[in-house]
Amino acid sequence: MIPVFQGMDVNCGSFLIRHTKSAIEKGKIQEEDINHALYNLFSVQLRLGLFEKASENQWFTRLGPSNVCTKEHRELAAEAVRQGTVLLKNDDSFLPLKRSEVSHIAMIGAAANDAYIMGGDYTGAPCDPITFLKGMQAFVPQTTVAGGCKNVSCDSTDGFGEAIEAAKRADIVVVIAGLNLTQETEDLDRVTLLLPGKQQDLVNIIASVTKKPIVLVITGGGPVDVSFAKQDTRIASVLWIGYPGEVGGQVLPEILFGEYNPGGKLPITWYPESFTAVPMTDMNMRADPLRGYPGRTYRFYTGDAVYGFGYGLSYTKYSYNFLQGPNRISLSHSPVPGLISRKPAYTRRDGLDYVQVEDIASCESLVFSVHISVANDGAMDGSHAVLLFARSKSRVPGFPLKQLVGFERVYTAAGRSTNMEIKVDPCKHMSAANTEGRRVLLLGSHHLMVGDEVHEFVIEA
């Protein structure tokens, strides 16, 4: 490739392969532009040593087939699934299952025995993919499968009868629903947030014939409106496993049977289907009540969410306590001389007091640590992602409802507690862009939040 449009040196795709020659012939690209792009590309390759003989100092030159799909790599892939899976619902602690009480499991869904579903966009060829069915059979030999739908698009009910019969015979039923690359890719936009085709009908009819409530596992990378499952008592548990990769089938039964305690959190907001009425070209972040616009992302979205950003359950229960944090941050009494580099020290506008971040001479001097105790009040050891949020105590129009300050995965044994520390940079983590695009730090009371716990402190000029 010789991509040199608009200053680019490299292009991922075929556009420039198809159009560069024509651009040269029309005089839109000059030879010196091509030479400049090649100079940059080859300079990086030379710095990487790609044209040198293999040496001990260049570990990547020694990589080969023996370095692919190693035991260590597959274990890393499995750990990613364990930590990334999010438990969204678990009525009456239905999960984890007890192996001694389950002799027959039915897995329902087009993705239950499909290795293709495991990989997301830009996935490489897996070495030895483990399907959900294969992984479950390692735990429960009498595991049966019925697609219900011919594929993820689920345009027909022709397979529902077989799935119903399989579900009736089983002790436990796990329905695999959701998305795959026929529904969402970089160049394929979804037009609905609901389950594709007749998948929801399949889930509902299976839930109506089983001996016990069912477990619903959602695949895919984007949000899915599963409000129906959230409210249905016949669906005891809901998990989001995303695109779990080549060992995803191994990890799912580990989680369902409690060999691993899920502790993942949603990295995105799961919007309801009504959100599709918002034009996808409207990129305004802030909500606008005058035109019924709900805003975007957890920072500004004011509408109802199916599940919010950062949501996720566990088989145990955690509680939190702020051990240490500032009660007051005074810019004028900072040990750094001239912390506020310009006058006036702060601005008052629309009833708000704030400091422009660019007027703070030393943001580093404002950084502080928050110490938090994480207690495992349940009966199962576990690790989970602890998320620390911040917001202004006063609800200021146009400013974030809350914003993520930091997060850390913390392991805590049952009945024990673990202490953790998160650094907070007020200039970075607690400021926000105003309507003029300038980053400002609001003065006054602020809240730091973890779980249901709140630590209040004041920032003053």
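These notes cover the structure that comes with them. (Residues numbered from 1 in each chain as written. Predicted model: local features only at pLDDT ≥ 70, side-chain atom pairs only at ≥ 80, totals over all residues. Heavy atoms only, no water.)

## Regarding the packing of helix α3 (residues 71-84) against helix α8 (residues 248-256)
Interhelical geometry of α3 versus α8 gives an angle of 45° and a closest axis separation of 9 Å. One way to sum up the angle between α3 and α8 is to call them oblique. Crossing hand, α3 versus α8: right-handed. Where α3 abuts α8, its residues Ala78, Val81 and Arg82 lie against Gln250, Val251 and Glu254. Considered class by class, the residues forming the contact of α3 with α8 number three nonpolar, one polar and two charged. (Axes fitted to C-alpha atoms, helices over the stretch in contact; angles between N-to-C directions. Helix = DSSP H or I, 4+ residues; strand = E, 2+ residues; numbered from the N terminus. Parallel < 35°, antiparallel > 145°, perpendicular 65-115°, else oblique. Left-handed = near helix turned anticlockwise from the far one by under 90°. Contact = heavy atoms within 4.5 Å. Nonpolar A, V, L, I, M, F, W, Y, C, P; charged D, E, K, R; others polar.)

## Examining the pairing of strand β3 (residues 143-146)
Two elements, strand β2 (residues 105-108) and β3, share four bridges in a ladder whose sense is parallel. Of the residues in β3, the one forming a bridge with Met107 is Val145. (Pairing = 2+ DSSP bridges.)

## Let's talk about the sheet that holds strand β8 (residues 328-330)
Pairing is mixed across the open sheet formed by five strands, whose spatial order is β8-β18-β17-β12-β13. Among the strands making up the open sheet, the edge pair consists of β8 and β13 (403-412). In this sheet, neighbouring strand axes are inclined to one another by 20° on average, regardless of whether the strands run parallel or antiparallel.

## Structural notes on the packing of aromatic side chains
This model, assessed by the stated rule, comprises 12 aromatic pairs. A ring pair is formed by Phe275 and Tyr301, whose centres lie 5.7 Å apart and whose planes are at 85°; its orientation type is edge-to-face. Of this pair, Phe275 sits in the loop between α8 and α9 (297-300) while Tyr301 sits in the loop between α9 and β7 (318-324), placing them 26 residues apart in sequence. Pairwise contacts between aromatic rings join Trp240, Trp270, Tyr307 and Tyr311 into one cluster. When the ring centre of Tyr307 is taken as reference, the NZ or CZ atom of Lys230 above it lies at 4.7 Å. Across the ring face of Phe389, the terminal group of Lys402 is positioned such that the distance to the ring centre comes to 4.2 Å. (Phe/Tyr/Trp six-rings, centres within 6.5 Å; stacked < 30°, edge-to-face > 60°. Lys NZ or Arg CZ within 6 Å of the ring centre and 35° of its normal.)

## Here's the deal with the state of the cysteines
What makes a disulfide is a covalent bond joining the sulfur atoms belonging to two cysteines. Per the stated rule, a full pass over the model turns up three disulfides. Note on cysteine connectivity: Cys149 is disulfide-linked to Cys154, with sulfurs 1.9 Å apart. Its torsion about the S-S bond being -45°, the disulfide of Cys149 and Cys154 is classed as left-handed. Residue classification places Cys154 among the buried positions, given a relative accessible area of 0%. (Disulfide = S-S within 2.5 Å. Buried < 20%, exposed > 50% of the residue type's maximum accessible area, 1.4 Å probe, protein only.)

Honestly, that's just the spatial picture; any functional story needs more than this.
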